[in-house]
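# Structural characterization, general
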Amino acid sequence: MAEQIAPPPAPPPAAPSRLVLLGHPVSHSMSPRFQQRALDVAGINVQYIARDTPSEQLANVLRELGEGRAAGNVTIPHKEAMVRLCAHLTPLARRVGAVNTFWHSERGELVGHNTDVAGVAAAMVALLYPPGGADVTLQRVGVLGAGGAAASALVALNAIFRVGDSPHISIFSRTRDRAEKLIEFLDVPARVVASADEAVYDADLVINASPIGMLDDSMPVSPASLAAHASVLDLVYKPGETMWVRACRARGHRAEDGLRMLVEQGAEAFRCWFGEEPDRNAMWSVLEPRPFV
Ligand code: NAP
């Protein structure tokens, strides 16, 4: 049996009157653009704004937002801190140990949820099982990085693939101890390895959950180290895709960047706040000229 992911929570009884993204820094985030587009297309008269919030201000900002029953998202560096600050956590937020979406209950209490798992799961499914494409059987998976994005990917992997058929997962992190603590906390069947090359050796699916490639054209592992049949999922996204995705695709690999995960985690957050599915094509279209398929 695959791990059962708890069903998405019911939306708050009263729709939020405003939406806020808290992070530090936050000005680079694409969430305000695509969430506002989804709100406008749905005819929901709510503004989604980014608010730069240093860590020492997070608790005060959340108290202030509670008075107005605002909802929203949090990003780097607040996802783990939110676990301690929320009055209620959904089972998935507790499972991953990170919150990226919040709202207020009828009694005004702060509720924390995690939509990154749904986002990365949707990205994996689209990569591995494209419409009309051949299915991929996973025997080995390599994960690079051991932070919140890796945690979401590991929980999603555990949920998508039955334990009996569970792929052998190897994880590499620059700080080995961090990877060891992560798999112990998540209690997933994975082993920590000593290098990126070892993690991706003969893997059917390789996931970059480190920030490598975000600010420049560096790559988390050489495309030459990948098995010829490897599918590649880079959780990093940037205009025109990352160099790693382009280089892997040029060598014949099926490869996607993190844009789909971004849109899918945002779509799941929208569904949590309003109880309706947003228009994903509209969200995608403000970010990328490539069609959303
Ligand atoms: P995080 O918590 O900071 O974890 C990053 C991990 O990568 C850590 O294990 C870190 O190791 C490792 N790392 C960092 N720099 C490295 C380097 N130069 N060489 C080798 N390993 C390195 O970050 P996160 O929240 O998991 O996010 C990771 C990336 O995923 C983000 O930068 C973002 O691009 C992407 N992301 C995408 C989405 C999406 O929707 N597409 C969502 C979330 C995240 P140390 O402990 O040694 O620093």
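Residues numbered from 1 in each chain as written. Predicted model: local features only at pLDDT ≥ 70, side-chain atom pairs only at ≥ 80, totals over all residues. Heavy atoms only, no water.

A separate point is empty space enclosed by the protein. All chains considered together, the criterion is met by two cavities of 30 Å³ or more. Roughly 40 Å³ of internal volume is contained in the largest cavity. In the lining of the largest cavity, the residues fall into five nonpolar, no polar and four charged. Taken as a whole, the second largest cavity spans an internal volume of roughly 30 Å³. Surrounding the second largest cavity, Leu157, Asn158, Phe161, Ser166, Pro167, Ile169 and Pro189 form its lining. Taken together, the residues that form the lining of the second largest cavity break down as five nonpolar, two polar and no charged. (1 Å grid on protein atoms, 1.4 Å probe; cavity = no way out; pocket = protein on both sides within 12 Å on 5 of 7 lines; lining within 4 Å. Points joined across faces, edges and corners; volume = space filled by probe spheres on them. Nonpolar A, V, L, I, M, F, W, Y, C, P; charged D, E, K, R; others polar.)

Residues of helix α2 (residues 58–67) that are buried include every one of Leu58, Val61, Leu62, Leu65 and Gly66, and no others. With its buried residues spanning 140 degrees around the axis, α2 presents them on a single face. With respect to the buried face of α2, the exposed residues turned more than 90 degrees away are Arg63 and Glu67. Contacts made by the buried residues of α2 are with β1 (19–23), β2 (48–52), α3 (81–85), β5 (101–104) and β6 (110–113). (Buried < 20%, exposed > 50% of the residue type's maximum accessible area, 1.4 Å probe, protein only. Helix = DSSP H or I, 4+ residues; strand = E, 2+ residues; numbered from the N terminus. Arc of directions from axis to C-beta. Contact = heavy atoms within 4.5 Å.)

Right, let's get into the site of the ligand. Taken together, 21 residues lie near the ligand, and Ala146, Ala149, Arg174, Thr175 and Gly258 sit nearest. At 2.7 Å from an oxygen atom of the ligand is found a main-chain nitrogen or oxygen belonging to Ala146. Take Arg174: an N or O atom from its side chain is 2.8 Å from an oxygen atom of the ligand. About the coverage of the ligand: the protein hides 79% of its 920 Å² of free accessible area. (Near = heavy atom within 4 Å. Polar contact = N/O pair within 3.5 Å; in protein donor to acceptor, adjacent residues only side chain to side chain. Areas by Shrake-Rupley, 256 points an atom, 1.4 Å probe, with all protein chains shown as cover.)

Glancing now at the sheet that holds strand β12 (residues 254–256). The strand order across the open sheet built from six strands is β9-β8-β7-β10-β11-β12, with neighbouring strands paired in parallel fashion. Of all strands in the sheet, those with a lone pairing partner are β9 (190–192) and β12, marking the two edges. Strand-to-strand twist in this sheet, taken as the mean axis angle between neighbours without regard to direction, amounts to 15 degrees. Across five bridges, the pairing between strand β7 (residues 140–144) and strand β8 (residues 168–172) is parallel. Residue pairing across strands places Gly142 opposite Ser170, the latter belonging to β8. Running over the sheet, helix α7 (residues 176–186) touches β8 and β9 and is turned about 160 degrees from β9. (Pairing = 2+ DSSP bridges. Axes fitted to C-alpha atoms, helices over the stretch in contact; angles between N-to-C directions.)

Attention now moves to the packing of aromatic side chains. Overall, the coordinates contain four aromatic pairs when judged by the stated rule. Aromatic pair Trp273 and Phe274: ring centres 6.4 Å apart, planes at 80 degrees, arrangement edge-to-face. Assigned by exposure class, Trp273 and Phe274 land together as buried. Within the aromatic cluster, the residues linked to one another by ring pairs are Tyr48, Phe270, Trp273 and Phe274. (Phe/Tyr/Trp six-rings, centres within 6.5 Å; stacked < 30°, edge-to-face > 60°.)

These figures come from the coordinates and say nothing about function on their own.
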